[in-house]
Amino acid sequence: MTLVAGIDSSTQSCKVVVCDAETGGVVAEGRAPHPDGTEVPPSAWWDALLAATGRLWDGVAAVSVAGQQHGMVVVDADGRVVRDALLWNDTRSAGAAEQLIAELGGPDRWAESVGLVPVASFTVTKLRWLAEHEPEAAARVEQVMLPHDWLSWRLMGQPAEPVTDRGDASGTGYWSPLTGEYRPDLLEMAFGRQIGVPRVARPNEPVGATAGGAVPSGITVAPGTGDNMGAALGLGGEAGDVVVSIGTSGTAFAVSDTPTADASGVVAGFADATGRFLPLVATLNAARVLTATADLLGIDLHRLDDLALSAAPGAGGLVLLPYLDGERSPNLPTATGTLTGLTRAAMNPANVARAAVEGMLCGLADGVDALRAQGVDVRRVLLVGGAAASKAVRAVAAGLFGVPVVVPAPGEYVARGAARQAAWVLSGAAEPPGWKVAADPLPRPDTDGRPVREAYAAARASVHGI
């Protein structure tokens, strides 16, 4: 049996799966936590990778890393990290995003150039923030990488060439999925000068081998990709499938044969990990809305499920706009959460729990609608992520998305997608191996979810004017 390893270096943890390269069957798994926060030393990711892989390297022929998108890792001429990485969920560069949009001539120009409109999540805005607010650190920067790029680079060891893939590169704001090339003019506009960027490898290209040390030497290293691209590859979705992932962040995305360019900025026109495209909508607030609500009510998540299911759809008129950490879609980086419809009759724990589930899912359902508006075919939703296991989330989701919803079997799909890429690199084939994924359909509810969606939209318009 040929073994491949897939690594998911996410916001909260590092997860690894070792798979049979032919079937995708998982033969071993590992996990280690990451530090909390929006600013993290990259060395913590490396330490977590070593802890998660442990003794899992035995017999592994190839490895691939899928990492959290957009994070800014900057190194000096000697390859040393200049400052802690700024993560995708760090919103300090919101002002920089506004500056960059204006300097290029508006959101239409950005969408035409790189398939997205800058918000605080994207790497290009973080580089502008660094240049403006930490000029001494910025002066030392010779190279910028994304989290997965840096980890792959560490696996191969210096003086290996930093390498990325088109999927993760498409989330920087200075690489164009439309042309398949970097935009050095946009990089210089953001940072004030040119700096090094990783080479963009082909999707199935071996980019090097592990250098030894803490990891065995000679293991083939695949290009890796971003976490959303890894999830799409791990799930093996078909035409008409939209993946809705509910983890630290929320995402709605679909593999497409054609690129998108949404001037509103809601849909980011990313590339995927296979040579196609991955239009995607992301929300900052997802599963942690549920944990925060459970903490507020002094209960655990199982009890939150029971309470939410005991309340009627619509939560007695309560509507939660769950912008607890600001928000990316819609672009409200400084927003806070709002609970509307408060009456004596509605103010009970069951309705609050239900409003939390409905509010979180309404934001993602808006994302699915935004994909439709960009021409994405939506025939069914694949519900994944940690919160997809929630009974209340499943019950509410089945009524809100307006299409059949299926829940794939539990699994680490980002890591599995990375492993599938590693197997693809080993095979040298034109297409990735056809690993199967089991999925269970959710029963369609008797109630219509449109009134809940309409109440959410009315509350958002009332509070934020959009």
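The text that follows walks through the structure, step by step, so that each part is easy to find. Please read all numbers here as calculations on a predicted model, not as lab measurements.

Here the structure, examined in full by the defined rule, presents 23 salt bridges. For D78, the salt bridge is made with R80, and the minimal N-O distance between the two is 3.0 Å. Each of the two residues, D78 as well as R80, counts as exposed. One connected set of salt bridges, linked through shared partners, spans E39, R83, D90, R92 and E134.

In the contact formed by helix 2 (residues 94–104) and helix 3 (residues 107–114), the axes pass within 7 Å of each other and the chain directions differ by 85°. One element, helix 2, and the other, helix 3, form an angle in the roughly perpendicular class. Of the residues in helix 3, those touching helix 2 at L100, I101 and L104 are P107, R109, W110 and S113.

The next thing to look at is the packing of helix 11 (residues 301–310) against helix 13 (residues 391–400). As a packed pair, helix 11 and helix 13 sit with axes 8 Å apart at the nearest point and diverge in direction by 35°. Residues D305, D306, A308 and L309 of helix 11 pack against K391, A392 and A395 of helix 13. Of the residues contributing to the contact of helix 11 with helix 13, the split by class is four nonpolar, no polar and three charged.

This brings us to the packing of aromatic side chains. Evaluated as defined, the whole model comprises two aromatic pairs. Taking the ring centre of F277 as reference, the NZ or CZ of R166 above it sits at 5.4 Å.

Here we take up the side chain of D165. Mapped onto the secondary structure, D165 falls in strand 9 (residues 163–165). Although D165 is buried, it forms no salt bridge, and the closest oppositely charged side chain is R166 at an N-O distance of 6.9 Å. Separated by 3.0 Å, the side chain of D165 and the backbone nitrogen of G167 make a polar contact. For D165, the side chain forms a polar contact with the main-chain nitrogen of D168, separated by 2.9 Å. Residues in contact with D165, not counting those within four places in the same chain, are H148, V200, A201, P223, G224, T225, G226, D272 and A273.

What follows is about the pairing of strand 1 (residues 3–9). Burial runs high along strand 1: seven of the seven residues are buried. Taking every second residue as pointing to the same face, both faces of strand 1 are buried, with L3, A5, I7 and S9 on one and V4, G6 and D8 on the other. Alignment of strand 1 against strand 5 (residues 60–67), held across seven bridges, turns out to be parallel. Bridge pairing in strand 5 places A5 opposite V63. Of the pairings in the sheet, the one linking strand 1 to strand 2 (residues 13–20) comprises seven bridges and is antiparallel in character.

Along an α-helix, residues three or four apart share an orientation, since each turn contains 3.6 residues. Over its 15 residues, helix 14 (residues 413–427) extends 20 Å from the first C-alpha to the last, a length consistent with the 21 Å expected when each residue adds 1.5 Å. Just downstream of helix 14 lies G428, where phi reads positive at about 70°.

A separate point is the sheet that holds strand 22 (residues 380–384). Taken in spatial order, the seven strands of this open sheet run 18-19-17-16-22-23-24, and their pairing is mixed. At either margin of the open sheet sits one strand with a lone partner, and together these are strand 18 (268–271) and strand 24 (439–441). Taking each pair of neighbouring strands and ignoring which way they run, the sheet shows an average axis angle of 30°. Inspection of the sheet shows strand 16 (residues 241–246) paired to strand 17 (residues 250–253) by four bridges, in the antiparallel sense. Paired with V243 across the two strands is F253, which belongs to strand 17. Strands strand 16, strand 22 and strand 23 (405–408) of the sheet are contacted by helix 13, whose axis makes an angle of about 145° with strand 23.

Now for the nonpolar core. Of all hydrophobic cores here, the largest spans 59 residues; its most connected members are V242, V244, I246, L361, L383 and F401. Not counting residues up to four positions away in its chain, the partners in contact with I246 are A286, A287, M360, L361, L364, L383, V384, G385, G386, A387 and V393. In terms of nonpolar packing, the next biggest core, distinct from the first, is built from 48 residues, Y174, L186, F253 and L382 among them.

Structurally, A85 can be placed in strand 7 (residues 85–86). Looking at A85, the relative accessible area reads 0%, which means it is buried. Taking the C-alpha atoms as reference, A85 lies 16 Å from E132; in sequence the two are 47 residues apart. With residues near it in sequence (within four places) discarded, A85 still touches T38, E39, V40, P42, W45, M72 and V73.

Here the focus is unusual backbone geometry. Cis geometry is adopted by the peptide bond preceding P159, which originates at Q158 and carries an omega value of 15°. In this structure, P159 sits in the loop between helix 6 (147–156) and strand 9. Each neighbour pair has its own omega, and for S329 with P330 the value is 5°, a cis peptide bond. With respect to the secondary-structure elements, P330 resides in the loop between strand 20 (319–321) and strand 21 (338–340). Even without glycine at this site, H70 takes up a positive phi of about 75°. The topology assignment puts H70 in the loop between strand 5 and strand 6 (73–75). Phi is positive for A315, which is not a glycine, with a value near 55°. Secondary-structure assignment places A315 in the loop between helix 11 and strand 20.

Cut-off values and rules
Residues numbered from 1 in each chain as written. Predicted model: local features only at pLDDT ≥ 70, side-chain atom pairs only at ≥ 80, totals over all residues. Heavy atoms only, no water. Salt bridge = Lys/Arg side-chain N within 4 Å of Asp/Glu carboxyl O. Buried < 20%, exposed > 50% of the residue type's maximum accessible area, 1.4 Å probe, protein only. Axes fitted to C-alpha atoms, helices over the stretch in contact; angles between N-to-C directions. Helix = DSSP H or I, 4+ residues; strand = E, 2+ residues; numbered from the N terminus. Parallel < 35°, antiparallel > 145°, perpendicular 65-115°, else oblique. Contact = heavy atoms within 4.5 Å. Nonpolar A, V, L, I, M, F, W, Y, C, P; charged D, E, K, R; others polar. Phe/Tyr/Trp six-rings, centres within 6.5 Å; stacked < 30°, edge-to-face > 60°. Lys NZ or Arg CZ within 6 Å of the ring centre and 35° of its normal. Lys, Arg positive; Asp, Glu negative; His and termini not counted. Polar contact = N/O pair within 3.5 Å; in protein donor to acceptor, adjacent residues only side chain to side chain. Pairing = 2+ DSSP bridges. Expected span 1.5 Å × (residues − 1). Core = buried A, V, L, I, M, F, W, Y, C linked by side-chain atoms within 4.5 Å.

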